[in-house]
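Fold and contact review
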Amino acid sequence: MTSPSSAKALSDFIDAWNAGRRPRVDDYLDRVPEPERDELADQLELWLELAPTPDFSAATREAIRAEPVVARVQAAIESDAGLLALELPRLRERRSLSVHDVAVALVSGLALASEDLDRTEDYLERVERGEHDTTKLSRRLLDALAGALGSTTESLRAAATLSGAAFRPSTAGGTLFRADPDAGQFVEADLDALTRAAMAPAPEAQDEVDRLFCGGWEA
Amino acid sequence: MRTRSDPPSVGHTDEEALERFVACRDAGDEDGAKLAAKELVELVHDRISGQVAIAARRTGVPQAERDDVVQEVHLSVIGAVHDFRGSSMGELHNLIKVVAHRRCVDQIRKRVRQRADAGHLDGTSWEPGEDDGRPHQGEIDAAWEQHARTEERSDAKAFLEWAVPQLDRRQRVVWERDAEGVDAEAICVELRVTKSNLYQLRRRANVKLQSLYREYF
């Protein structure tokens, strides 16, 4: 039999939720005796799944925006640098690690050569500056990074794929032709450029560090 | 019917933000899609935090790690919204609950792995869950499997359309008014009941809905 305090806790939570007062689940669970907490948790869970959006005031919305998690996710949506550029320093600092420390952990964890340390560190710095396309990071790298930073591969991958660029409309596939009067000149110039590119020496093959940072998920 | 004494609301719901996002996305409006996505993040944040708090208590994720889980659930929601082809926000509300639990289980698994690695490295034979009150691996797997079975549950709106008419009249009124955001005093006046009667009606409505929920899915 549920006590009146449990029924009141549920009721008060619902009232506070609907009024936009941002009730915290823990506060309400702590109000009831331990044996009743599981049942109240079940009821709050159902409410949270089915409840309407709370009636937030502008000030409350401002307070929500100021919460660190919300601020980070919103900043990542706005920025092409993406969430991982914000996450790496945060996770590093939480473990009191420098970029160099993380690079050392990666070189060790991924069995890289010791001379790869500087380039690994350089790649990490570029990721943190938002200068590296984090969607190209490999699973092996994120596994090792997660181990070094006390995170999970899935979490880092999710952060690596969230950026403003993800909201950009994808370009249409296929080739679009237009009958411009001077199209012939453009095609000729393009062919010249392609010919020069074909004759140029091939770029150096990616080494292991490049593959880890630029080779894509399966590299 | 709303009787609010609080400052004026901003007046947006997560459902409206989702609709705006989908419209902007489909129209190729990048700025509009970003704006709607950011608004959605704000509007679902407390729902996510609440579901994570419940899942964290059940799985034993410590307070200090909850923010990480909350962020991961936000990312899952954005990922889902990005490809959203569903019919209502109810699907995302269900996703939030399922992902919150999954991420908490992942968090515990991570701790189990780290403890096991540490035990392996220092020569001790620590077994996950044996000495610190945390769940055993088997319990973690069982909890995960249980939620995996509900993974495909989707639309809370469809559930409510089916379930709410099965509540008795007063419970139904309480549930509907709560869902409309009507405050407790106004519901008491409408039903001519005391506050403590209202508490019991709410609880019974919730218990009945929980039972119907299990039957429905």
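So, about the overall build of chain B. Assigned secondary structure in chain B consists of nine helices and zero strands. The order of α-helices and β-strands along chain B, N terminus first, is α-α-α-α-α-α-α-α-α. Residue burial in chain B is summarised as follows: out of 217 residues, 51% are buried. By sequence separation, contacts in chain B at least 24 residues apart represent 67% of the contacts at least 6 residues apart.

Okay, the environment of Ala159(A) next. Residue position: Ala159(A) is located in helix H10 (residues 153–161). For Ala159(A), a relative accessible area of 2% puts it in the buried group. As a C-alpha pair, Ala159(A) and Thr134(A) span 25 residues in sequence and 8.8 Å in three-dimensional space. Ala159(A) has contacts with Leu83(A), Leu84(A), Glu87(A) and Leu75(B), leaving out every residue within four places of it along the chain.

Another aspect to go through is the nonpolar core. By size, the foremost hydrophobic cluster in this structure holds 70 residues, and its most contacted members are Leu106(A), Leu124(A), Leu145(A), Leu162(A), Phe213(A) and Val73(B). Once you skip the residues sitting within four places of it in the chain, Leu145(A) turns out to touch Leu88(A), Val102(A), Leu106(A), Leu124(A) and Leu156(A). If you look at the next biggest cluster of nonpolar residues, it comprises 31 residues, including Ala9(A), Leu10(A), Trp47(A) and Ile54(B).

Take the pattern of salt bridges next. Using the criterion set out here, one finds 46 salt bridges over all chains in the structure. Glu42(B) is the partner of Arg65(A) in a salt bridge, and the nearest nitrogen-oxygen pair spans 2.9 Å. Of this pair, Arg65(A) sits in helix H4 (residues 58–66) while Glu42(B) sits in helix H2 (residues 30–59), which puts the two residues in different chains. Given a relative accessible area of 5%, Glu42(B) falls into the buried group. Taking the shortest distance from any N to any O, the salt bridge between Arg126(A) and Asp122(A) comes out at 3.7 Å. With Arg126(A) and Asp122(A) both in helix H8 (residues 117–128) and four residues apart, the pair spans about one turn of that helix. Here Arg126(A) falls in the partly exposed class, since its relative accessible area comes to 27%. Among the ionic contacts, a cluster of salt bridges with common partners joins Arg24(A), Asp26(A), Asp27(A), Asp30(A), Arg57(B) and Arg66(B).

This part covers the interface of chain A and chain B. Taken residue by residue, the interface counts 66 residues in chain A and 65 residues in chain B. Of all residues in chain A, Glu49(A), Arg61(A) and Phe167(A) give up the largest surface area on contact with chain B, accounting jointly for 12% of the area buried on that side. Linking chain A with chain B are 16 salt bridges. Broken down by element, the side of chain A that touches chain B gets its largest block of residues, twelve residues, from helix H3 (residues 34–50) of chain A. Along the lines of polarity and charge, the residues of the side of chain A that touches chain B split into 30 nonpolar, twelve polar and 24 charged.

In this section: H4(A). Of the positions making up H4(A), those classed as buried are Thr60(A), Arg61(A) and Ile64(A). Projected down its long axis, H4(A) shows its buried positions confined to an angular sector of 100 degrees, all on one face. Exposed and facing more than 90 degrees away from the buried side of H4(A) are Ala59(A) and Ala66(A). Against the buried residues of H4(A) lie helix H5 (68–78) of chain A together with H2 of chain B.

Most peptide bonds take the trans configuration, and most residues that are not glycine carry a negative phi. The phi torsion at Ala111(A) lies on the positive side, around 55 degrees, for a residue other than glycine. Here Ala111(A) is to be found in the loop between helix H7 (99–109) and H8. With a relative accessible area of 69%, Ala111(A) lands in the exposed category. Here Arg192(B), not a glycine, exhibits a phi torsion of approximately 55 degrees, which is positive. In this structure, Arg192(B) sits in the loop between helix H8 (184–191) and helix H9 (195–216).

So, on to the packing of aromatic side chains. Applying the stated rule across the entire model yields seven aromatic pairs over all chains. Judged by centre distance (6.1 Å) and plane angle (90 degrees), the ring pair of Phe167(A) and Phe21(B) falls under edge-to-face. Taken together, the residues Phe167(A) in the loop between H10 and helix H11 (183–199) and Phe21(B) in helix H1 (residues 14–27) connect one chain to another. When sorted by exposure, Phe167(A) lands in the same class as Phe21(B), which is buried. Each ring, one from Phe159(B) and one from Trp162(B), has its centre 6.2 Å from the other, and the planes form 45 degrees; the classification is tilted. Residue Phe159(B) and its partner Trp162(B) are both found in helix H6 (residues 156–163); the two are separated by three residues, about one turn of the helix. Since its relative accessible area comes to 31%, Trp162(B) is described here as partly exposed. Across the ring face of Trp217(A), the terminal group of Arg157(A) is positioned such that the distance to the ring centre comes to 3.7 Å.

Think of two packed helices as two axes; the pair is described by the angle between the axes and how far apart they sit. Packing of H4(A) against H2(B) leaves a shortest axis separation of 10 Å and a crossing angle of 95 degrees. The angle between H4(A) and H2(B) falls in the class roughly perpendicular. In this structure, H4(A) contributes Arg61(A), Ile64(A) and Arg65(A) to the contact, and H2(B) contributes Glu39(B), Glu42(B), Leu43(B) and His45(B).

Relative to the helices and strands, Asp15(A) is located in helix H1 (residues 4–18). When sequence neighbours within four positions are dropped, the list of residues in contact with Asp15(A) reads Arg21(A), Ala184(B) and Arg202(B).

The next point concerns helix H3 (residues 66–82) of chain B. Residue pairs spaced three or four apart in an α-helix point in one direction, given the helix's 3.6 residues per turn. A rise of 1.5 Å per residue sets the reference length of H3(B), with its 17 residues, at 24 Å; its end C-alpha atoms lie 24 Å apart and thus fit the reference within 8%. Burial analysis of H3(B) places 13 of its 17 residues in the buried class, which makes it a mostly covered element.

Moving on to the environment of His132(A). All names here are of chain A. Note on placement: His132 falls in the loop between H8 and helix H9 (139–149). Taking the C-alpha atoms as reference points, His132 and Ala144, separated by twelve residues in sequence, lie 18 Å from one another. Not counting the four nearest positions on each side in its chain, His132 is found in contact with Tyr123, Arg126, Val127, Leu137, Phe213 and Cys214. Within the structure, His132 has its side chain in polar contact with the backbone oxygen of Phe213 (distance 2.7 Å).

Rules used throughout
- Residues numbered from 1 in each chain as written.
- Chains lettered and ligands numbered in written order.
- Predicted model: local features only at pLDDT ≥ 70, side-chain atom pairs only at ≥ 80, totals over all residues.
- Heavy atoms only, no water.
- Helix = DSSP H or I, 4+ residues; strand = E, 2+ residues; numbered from the N terminus.
- Buried < 20%, exposed > 50% of the residue type's maximum accessible area, 1.4 Å probe, protein only.
- Contact = heavy atoms within 4.5 Å.
- Core = buried A, V, L, I, M, F, W, Y, C linked by side-chain atoms within 4.5 Å.
- Salt bridge = Lys/Arg side-chain N within 4 Å of Asp/Glu carboxyl O.
- Buried area = accessible area lost by both parts, 1.4 Å probe.
- Nonpolar A, V, L, I, M, F, W, Y, C, P; charged D, E, K, R; others polar.
- Arc of directions from axis to C-beta.
- Phe/Tyr/Trp six-rings, centres within 6.5 Å; stacked < 30°, edge-to-face > 60°.
- Lys NZ or Arg CZ within 6 Å of the ring centre and 35° of its normal.
- Axes fitted to C-alpha atoms, helices over the stretch in contact; angles between N-to-C directions.
- Parallel < 35°, antiparallel > 145°, perpendicular 65-115°, else oblique.
- Expected span 1.5 Å × (residues − 1).
- Polar contact = N/O pair within 3.5 Å; in protein donor to acceptor, adjacent residues only side chain to side chain.

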